[in-house]
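# Chain and residue survey
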There are 2 protein chains.
Amino acid sequence: MKPIQVGLLGIGVVGSGTFNVLQRNQEEIKRRAGRGIDITMVADLNVARAQALVGPGVTVVSDARAVIANPDIDIVIELIGGYGIAKTLVLEAIAAGKHVVTANKALLAVHGTEIFAAASAKGVMVAFEAAVAGGIPIIKALREGLTANRIQWIAGIINGTTNFILSEMRDKGLDFAVVLKEAQRLGYAEADPTFDIEGVDAAHKVTLMSAIAFGVPVQFDKAYIEGITKLGAADIKYAEQLGYRIKLLGITKRRQGDATKRQTDGIELRVHPCLIPAKRLIANVEGAMNAVVVQGDAVGTTLYYGKGAGSEPTASAVIADLVDITRLHTADAAHRVPHLAFQPNAMSKLPMLPMSEVVTSYYLRLRVADETGVLAKVTGILAEAGISIDAMLQREADEVGGEGSTQTDLIILTHDCMEARMNAAIALMQALPSVLEPITRIRKEELA
Amino acid sequence: MKPIQVGLLGIGVVGSGTFNVLQRNQEEIKRRAGRGIDITMVADLNVARAQALVGPGVTVVSDARAVIANPDIDIVIELIGGYGIAKTLVLEAIAAGKHVVTANKALLAVHGTEIFAAASAKGVMVAFEAAVAGGIPIIKALREGLTANRIQWIAGIINGTTNFILSEMRDKGLDFAVVLKEAQRLGYAEADPTFDIEGVDAAHKVTLMSAIAFGVPVQFDKAYIEGITKLGAADIKYAEQLGYRIKLLGITKRRQGDATKRQTDGIELRVHPCLIPAKRLIANVEGAMNAVVVQGDAVGTTLYYGKGAGSEPTASAVIADLVDITRLHTADAAHRVPHLAFQPNAMSKLPMLPMSEVVTSYYLRLRVADETGVLAKVTGILAEAGISIDAMLQREADEVGGEGSTQTDLIILTHDCMEARMNAAIALMQALPSVLEPITRIRKEELA
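Residues numbered from 1 in each chain as written. Chains lettered and ligands numbered in written order. Predicted model: local features only at pLDDT ≥ 70, side-chain atom pairs only at ≥ 80, totals over all residues. Heavy atoms only, no water.

In the nomenclature of an unreviewed UniProt entry, chain A is known as Homoserine dehydrogenase of Rhodoferax antarcticus ANT.BR. As its UniProt record puts it under Sequence similarities (unreviewed entry), chain A is described as follows: "Belongs to the homoserine dehydrogenase family." (UniProt positions renumbered as here; feature names shortened; annotations may be inferred.)

Spelled out as structure tokens, the structure:
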């Protein structure tokens, strides 16, 4: 059988990795797929550079539409990124009857509903293993490996930049800003790191996992997003003393309603720094590595770990999608795995819960005046709000502010309570004259 | 579309879990698969017990052949186990044109070649996600998720019983025999634990992973197998002091030949206790949990973790296979993933290497007389054999044998060398009059 012909839009870091791995392992891949897979055409604005990368045997053009218009091309790989021209080109490729492979989490998390509907209508596949956690086959695990399960929750370290920064902060006892500079120097953080450090990238990815796990449409606009920019070395140290690590997690959870607690059915979708018990496997995922924990009602806890970014790890996921499509592209659509794991006519209407309704536990750090009665006031406010305390840590003033200091840190771990209630309690505590700085609040998950 | 009809052979722990999960999550599974999946017929020798488990709506028979002969049955699940009647029934089910789902690692590791050939000839699928690492979708990851990669090696904790025993030995400083009794009392080890503790079960599983990873036939008879029965608490403690944990690993590795070292191309396939650096994620997998590390040339290191046994975790894998088959059973065979990941006409002829040709590093413990010159003799033998020493630990005689003891332990970590060479060196050391007991040799893998 003649090889499947693939057109590549954008040959940057991941694109060149994809080209190279396909070439290097072509014999092995063909032995698996039963058919060769060739990138025969590349579109990139820098034609000369692209041509140098792929050699003379591959057609290089500057106009992506020439790739889409080529009737010999079976699959289009979109590696341009962003919501702009990438969206237009993906929709045009679908309209032209091409299957699409993309690593574009932003595009799918925001415009996935439109794109998947167009693909279904046209009978083509849009595959996106590379959009979440790089080379880890987590989309496949969720869509196919765990189909027996009612998935209960997913929690993932799905942004390597922030995990690298948090690992360094902990290892070296440094504050965020210092480590960020180092990460930029080493290439672990981009010149404009906003999407990573503010949690937006992780939110795109957890939005996709949430849709696949629970059979709901992608709803990036409903995600609660909080980054790591306000974390200090002190919090990481205190967490450690309490037996926890701080990680930036993407979390999505199915909540069973409970009328007695005025809780409705719904889905949590959130990205924020999180205390997790140090003994959990995921707490020990260091550096730029990614890991996703999936809890299913039959399988229990499973974890998937690997490189979440980089040229060849991401290429590994892109090529796995190419092989899947190669196997199924002449099969009728009923034989294929649905884009979002559930049949399009069997999606759930479960609402996304606002952050104020999320129930979790908390780490609070209060910088307080070292004087009698502060503790009683603070714990009084929590008791009044019905929030119970799990553990507390109070440092000697000298330790915190140096000899003769009149300030100290009060660290509290709470049991579960609803976020709205915690917000109200924090506002009351913040108003106490003895509370000297903005209160630090970090959510805590036991992940068990 | 009418539901897919499934016949179940053997309703023990996994069978009843499969039945229960399919019932409990039937709506969710149907929303994914696009079609209902019903177990409509069960064969079990204990008909009354089976009928009580499945209720009056399901036909229960004592004769498995009645299930295979039923033309309404699309898929047969084999959960009988062993090589005997299970093999006959699987082949008969294939001959009758049924797809087969099985958790039977022993059967496939030993008779897989015959079974997969029969299935291919008949155009049916034999799915076996449940045969390796229970609920972890590792077969899917290897066969489909990592198709871009030239896989380099796999190392897995794939037997929960032995991992539970090793975790307990380490936690409590107890010897093997004591912990085994406790594990049997708790139900983590069977009354006859031979297959688990001697490494046979792990060898079945790593044989299957090896075939899928490297595109070679299943060759259980070529596996090197060593269990954990000879491990003592002392070795676990010494390993800890050197920064290592001891785990029973199933390992398979592709070796690139090197003429200068007289090494030929080939595949390693082995199960034995192993020192691994304590900082590796897999070193921290405790209790009855399983984890598999896969190293691919593009993706780098990935790890898959979860419950490797038990009723519902295993059922999770069985049902994932049912959903896959439900999607593909009317597609022609070219659309399906090959049983062993590679197309049957594109298998590799790479030979399995005998253990004597495996290259690895070693932990050695020698109980020696506490006298001058022993160390010089031992290190002299190693130097003569061209084996270099990575680290050494010598305990005070008092620490090892109590006050006034005239014996001590000499612990040596070596660099890589070929097993045959190490065997020869051990024989020479063993012959020294100052070496008082059989030398303990545990292999060491850095897994990086």
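Resuming the write-up.
All names here are of chain A. UniProt annotation of "binding site: L-homoserine" (unreviewed entry) refers to E190 when read in the numbering used here. With respect to the helices and strands, the residue E190 is situated in the loop between α9 (176–186) and α10 (194–197). On the basis of relative accessibility, which here comes to 53%, the residue E190 falls in the exposed class. Ignoring any residue separated from it by four or fewer positions in sequence, one finds E190 in contact with Q184 and D196. (Helix = DSSP H or I, 4+ residues; strand = E, 2+ residues; numbered from the N terminus. Buried < 20%, exposed > 50% of the residue type's maximum accessible area, 1.4 Å probe, protein only. Contact = heavy atoms within 4.5 Å.)

This part takes up the environment of B:L89. Residue and element names in this part refer to chain B. With respect to the element layout, L89 can be found in helix α5 (residues 85–95). Residue L89 is classed as buried on the basis of its relative accessible area, which comes to 3%. Taking the C-alpha atoms as reference, L89 lies 26 Å from T194; in sequence the two are 105 residues apart. If we skip the residues at most four places from it in the chain, L89 touches L9, A64, R65, I68 and I80.

All names here are of chain A. Per the domain assignment, the segments of chain A are domain 1 (4–127), domain 2 (140–307) and domain 3 (358–443). Placing the centre of domain 2 and that of domain 3 at their C-alpha centroids yields a distance of 25 Å. Contacts between the two partners involve 20 residues from domain 2 and, on the opposite side, 17 residues from domain 3. Sorting the residues of domain 2 by area buried against domain 3 places D235, Y238 and L242 first, and these three jointly supply 37% of that buried surface. Viewed at the interface, domain 3 and domain 2 are joined by two salt bridges. The closest approach of N and O atoms between E226 and R443, which form a salt bridge, is 3.0 Å. Inspection of the region where domain 2 meets domain 3 yields six residue pairs in polar contact (both at pLDDT 80 or more). Examining the composition of the side of domain 2 that touches domain 3, we find that six residues originate from one element, strand β10 (residues 266–277), more than from any other. Tallied by class, the residues present in the side of domain 2 that touches domain 3 amount to 11 nonpolar, three polar and six charged. (Domains from an automatic or database assignment. Buried area = accessible area lost by both parts, 1.4 Å probe. Salt bridge = Lys/Arg side-chain N within 4 Å of Asp/Glu carboxyl O. Polar contact = N/O pair within 3.5 Å; in protein donor to acceptor, adjacent residues only side chain to side chain. Nonpolar A, V, L, I, M, F, W, Y, C, P; charged D, E, K, R; others polar.)

Residues and elements named next belong to chain B. The full count for this structure, using the stated rule, is five aromatic pairs over all chains. Centre to centre, the rings of F116 and F128 are 5.5 Å apart; their planes meet at 40°, and the pair counts as tilted. Residue F116 is found in helix α6 (residues 105–122), and its partner F128 is found in the loop between β6 (126–127) and α7 (138–145); the two are separated by 12 residues along the sequence. Plain terms: the ring middles of F164 and Y188 are 4.1 Å apart, the flat faces sit at 20° to each other, and that makes the pair stacked. Note that F164 is positioned in helix α8 (residues 160–172) and Y188 in the loop between α9 (176–186) and α10 (194–197), a separation of 24 residues in sequence. (Phe/Tyr/Trp six-rings, centres within 6.5 Å; stacked < 30°, edge-to-face > 60°.)

Let us now look at the nonpolar core. Core analysis: the biggest nonpolar cluster contains 170 residues, and A:I138, A:I165, B:I138 and B:I165 have the highest contact counts within it. The next biggest cluster of nonpolar side chains, apart from the first, holds 71 residues, and it includes A:A50, A:V318, A:I325 and B:A130. (Core = buried A, V, L, I, M, F, W, Y, C linked by side-chain atoms within 4.5 Å.)

Where charged atoms of side chains with opposite charge meet at close range, the side chains can pair. Evaluation of the coordinates by the stated rule reveals 59 salt bridges over all chains. Two residues, A:K172 and A:E168, come together in a salt bridge whose shortest N-O distance is 2.7 Å. Pair noted here: A:K172 and A:E168 are both in helix α8 (residues 160–172), with a separation of four residues, about one helical turn. A salt bridge links B:K140 to B:D324, with the shortest nitrogen-to-oxygen separation between them at 2.8 Å. Here B:K140, found in helix α7, pairs with B:D324, found in helix α13 (residues 311–328); they are 184 residues apart in sequence, far enough to count as distant. Here B:K140 falls in the buried class, since its relative accessible area comes to 6%. Look at B:D324 and you get buried, because its relative accessible area is 17%.

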